[in-house]
Every structure is written in structure tokens, then in C-alpha cells.
Amino acid sequence: MIEELFPGIIKIEVPLPKNPLRMLNAYCIKGKERHLLIDNGFNRPECLEAMNGALDSLGIARKDLDFFLTHLHADHCGLTADLCESGDSKIYASALDGVSINNTTRGPSHWAGFLRSMIPHGFSEEQAAILSSNHPAIRYCPSHELDFVTVGHGDVLEYGGYTLHILDARGHTPGLLVLYEPGNKILFSSDLILGDITPNIARWPNVRDSLGDFLNSLAMVEKMDVSLTLPAHRSLVPDTKKRIRELYAHHERRLNEVRELLAKGPRQAYDVAAHMTWDMRGEWEDFPVPQKWFACGEALSHLDRLVALGEAEEKTQGETIVFGLKR
Ligand SMILES: [Zn+2]
């Protein structure tokens, strides 16, 4: 489904089959000569069909299309290689997430270390093996490496008469970028701010406190004048400040949940995740392995936050890693 939200700014809904996110909101900014497509979908036929149908109905020739990838997740960048038909097309991404996107295209062996990193936190060898074929980042990544135009905080793009300011909004991923259009006070928030669901905040290699980064990014947007937030999933957000306050409260509740679990004694992240509250229906034991991966990542980001706040500590015990409250 496509919907013109502002003159030349079109929302394109891309289905994400069998994924709890259900749908990606991609946004196309139509210009006189070149157009910009913000995010695009998993590399799977259902997404490609929806995107091609939308672009055709908008009369957009692929050779006139440039791409903005807000972050490394495959539901945002998976179709880029298939849609990018011309060497003249620019593919904008942050330096950090651009490197990670190209790493996903190099196959599971390149990811083995990252997937096995959850074993000391309670994942089994078997679960790590399942992930190497099942993790959406690997399964639905772009068909081949991409040649990026690296962009970052403070850079500006012009499309369709709109000026788009690029902002570093790291947290959900280490290099997540959002776009702000000051003329109409529109924020293309990607997965920084979502309307009906909360963005997954996970631990990332070489990031000390990704939840802290995420909260800082929200604080940056909270100070801005935003009339309408256009998120990458679910419904548009008319009251951005209210939604930010709800997200702060959500993570404070989550942190309290983790504090209470640690108060009962030190434990692994897997055990913390198994006892946290999740929106997904069913028992923890029945969660698919990729969902358990995301849940453990979320538990770790909250544990890392408590470590950064000086409330908890991470200890290696033989081959396992446990977290406990500081005394
Ligand atoms: Zn994402």
C-alpha cells in the first residue's frame, strides 16, 4: 500500500512475512530528477514484489533512484542490491552500519563469532547453530556487497525540494541514522521511535552501553521541534515528546524488572531474559530461537546499563558470564 503524506513524500508499506514487526514503512521522496528511497525491506520475494509494485505505480525508474539505509537490519536494507540497477545510484549509510551490512553478505562463517558470543550468556551450541541459518540478518541480507556513500551527523541531503538533515541516533544499532526535515518539522525516525511497539535495544560488539546511547538519542530528539514522526514500523507518531516519555518509562520499568531479578542472586543473561515480560504470546520455552536471541540481546543491554550506572557487575565464571548486583 502506498500513501502520499506530504507532496512528494510517499509511505510504502512492505510486508515482513512471519515477522512480529509485520510491516516496514519505507518512504520515497520524489524529486524532479532523482528520488530517494528511505529503507526498503527484507531480501525475499514478498518484499521485492511489494516494493517493485509501489515504485512502478509511482512511475519511478530505478536508474533515477538513490537509497538511504537508516541502519544495518535486513528489513531496512535487504533489497538494496536488487533494486539498485544503476552505477549512478547513490546508497547512503553510516560508516559503522555500512561495514556491518557488507559483513552480512559474506555469509554465516563471517558471523560465527558474533552468533557464538551468546554462548557464555546461556545460549546452547545447538541454538547458536540454528541461528547461523535462521538469523534474519543473514537470511535476508542484500544479495551482494554494496558501494556506500558514507554519511553522518550534520550531513544534509536535498530531494524533491526537501532538505533532510542527517542525525546520529545510535542505540538500536551502533550507526543508526534518522532524517529531520525542518520545513515541515518531519522526523523520519527509523527504529529510534516507533508508535505501537518499543524498539529492540540489544548489546553490540564494541559498545559499552547501547541502552544509554538509545536514551541519549531520544533526549536529542526530545529537544527538537517535531510535528510528525514517520517511523519504520506501525503507525505514525503525532505526539513525539509524549512517545519519548513513554519509551523512557518503558525502559525504567524494564530496568526495575532486571534489578528485581538480580536481587534474587547473580545469573546469566539468558536466565534474566527468560524471566522478563515479553509482548510475544506464549511461554519462553516456545519462543523461536531468533526471538530468544533478540530477547537475550535486550536483557544484556539492560544489564549493561546497570553496570554503567554502577549498580551491577559482570563476572566471568569459567566458561559462563553472570551478572550480579554490586554490594
Ligand atoms: Zn531495526
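Residues numbered from 1 in each chain as written. Predicted model: local features only at pLDDT ≥ 70, side-chain atom pairs only at ≥ 80, totals over all residues. Heavy atoms only, no water.

(A) Region of the structure containing the coordination of the zinc ion. With distances of 2.2 Å, the protein atoms coordinating the zinc ion are His-71 (NE2), His-73 (ND1), His-172 (NE2) and Asp-191 (OD). Geometry at the zinc ion is irregular, judged from its four donor atoms and the angles of 88 to 170° they form at the metal. In primary-sequence terms, the residues that donate to the zinc ion follow H-x1-H-x98-H-x18-D. Placement of the pair is His-73 in the loop between strand E5 (65–68) and helix H2 (74–77) and Asp-191 in the loop between strand E11 (186–190) and helix H8 (210–222), with a sequence separation of 118 residues. Residue classification places Asp-191 among the buried residues on the basis of a relative accessible area of 4%. (Donors = N, O, S within 2.8 Å, 3.2 Å for Na, K, Ca; no water. Tetrahedral: all angles 85-135°; square planar, octahedral: opposite > 155°, others 65-115°. Helix = DSSP H or I, 4+ residues; strand = E, 2+ residues; numbered from the N terminus. Buried < 20%, exposed > 50% of the residue type's maximum accessible area, 1.4 Å probe, protein only.)

(B) Representation of the UniProt feature "domain: Metallo-beta-lactamase" (unreviewed entry) in the chain within the structure. Per the UniProt record, "domain: Metallo-beta-lactamase" (unreviewed entry) is found at residues 23–233. Counting secondary structure, residues 23–233 comes out at 32% helix and 21% strand; the distance between its end C-alpha atoms is 6 Å. (UniProt positions renumbered as here; feature names shortened; annotations may be inferred.)

(C) Broad picture of the packing of aromatic side chains. Throughout the structure, instances matching the rule amount to eight aromatic pairs. Relative to Trp-293, the ring of Phe-114 has its centre 5.3 Å away and its plane inclined at 75°; by these criteria the two rings are edge-to-face. Of this pair, Phe-114 sits in helix H5 (residues 108–116) while Trp-293 sits in helix H11 (residues 289–308), and the two are 179 residues apart along the sequence. Here Phe-114 falls in the partly exposed class, since its relative accessible area comes to 23%. By relative accessible area, which is 7% here, Trp-293 ends up buried. Over the face of the ring belonging to Trp-278 we find Arg-254, whose NZ or CZ atom lies 4.4 Å from the ring centre. (Phe/Tyr/Trp six-rings, centres within 6.5 Å; stacked < 30°, edge-to-face > 60°. Lys NZ or Arg CZ within 6 Å of the ring centre and 35° of its normal.)

(D) Structural context of empty space enclosed by the protein. Tallied over the full model, the rule gives one cavity of 30 Å³ or more. In this model, the largest cavity occupies a volume close to 30 Å³. If you go around the largest cavity, the residues you meet are Asn-25, Tyr-27, Ile-38, Asp-39, Thr-70, Phe-188, Ser-190, Leu-230 and Ala-232. Only strand E3 (23–29) and E11 provide two or more residues apiece to the lining of the largest cavity. Residues that form the lining of the largest cavity fall into these classes: five nonpolar, three polar and one charged. (1 Å grid on protein atoms, 1.4 Å probe; cavity = no way out; pocket = protein on both sides within 12 Å on 5 of 7 lines; lining within 4 Å. Points joined across faces, edges and corners; volume = space filled by probe spheres on them. Nonpolar A, V, L, I, M, F, W, Y, C, P; charged D, E, K, R; others polar.)

(E) Layout of the sheet that holds strand E8 (residues 156–159). On the basis of which strands lie adjacent, the open sheet formed by five strands has the order E8-E9-E10-E11-E12 and mixed pairing. The two strands at the open ends of the sheet, each matched to only one other strand, are E8 and strand E12 (228–231). Along the sheet, successive strands turn relative to each other by an average axial angle of 25°, direction set aside. Across four bridges, E8 lies against strand E9 (residues 162–168) in antiparallel orientation. (Pairing = 2+ DSSP bridges. Axes fitted to C-alpha atoms, helices over the stretch in contact; angles between N-to-C directions.)

(F) Layout of the layout of surface pockets. Empty space within the largest pocket amounts to approximately 1300 Å³. Secondary structure elements with two or more residues in the lining of the largest pocket: H2, helix H7 (136–139), helix H9 (240–263) and H11. Sort the elements by how many residues they give to the lining of the largest pocket and H11 lands first, with five residues. Looking at the lining of the largest pocket residue by residue, the class counts come to 18 nonpolar, eleven polar and 14 charged.

(G) Focus on the pattern of salt bridges. Inspection of every chain in the model, using the stated rule, returns 19 salt bridges. In this structure, Arg-34 and Asp-66 form a salt bridge, with 2.9 Å as the shortest nitrogen-oxygen distance. Taken together, the residues Arg-34 in the loop between E3 and strand E4 (35–38) and Asp-66 in strand E5 connect sequence positions 32 residues apart. What makes Arg-34 partly exposed here is its relative accessible area of 26%. Residue class for Asp-66 comes out buried when judged on its relative accessible area of 1%. Here the salt bridges share partners, and the residues they tie into one network are Arg-203, Asp-304 and Glu-314. (Salt bridge = Lys/Arg side-chain N within 4 Å of Asp/Glu carboxyl O.)

(H) Region of the structure containing the nonpolar core. Counting 48 residues, the largest nonpolar core has Leu-192 and Ile-193 as its most contacted members. Put simply, the parts of the chain that give this core at least two residues each are H5, H7, strand E10 (177–181), H8, H9, helix H10 (269–275), H11 and strand E14 (320–325). It is H11 that provides the largest number of residues to this core, a total of eight residues. Counting only domains with at least three residues in this core, you end up with domain 1 (2–121 + 135–238) and domain 2 (247–325). With residues near it in sequence (within four places) discarded, Leu-192 still touches Ala-169, Leu-176, Val-178, Pro-199, Phe-214, Ser-217, Leu-218, Val-221 and Leu-247. With 34 residues, the next largest nonpolar core counts Ile-60, Ala-93, Leu-146 and Ala-202 among its residues. (Core = buried A, V, L, I, M, F, W, Y, C linked by side-chain atoms within 4.5 Å. Domains from an automatic or database assignment. Contact = heavy atoms within 4.5 Å.)

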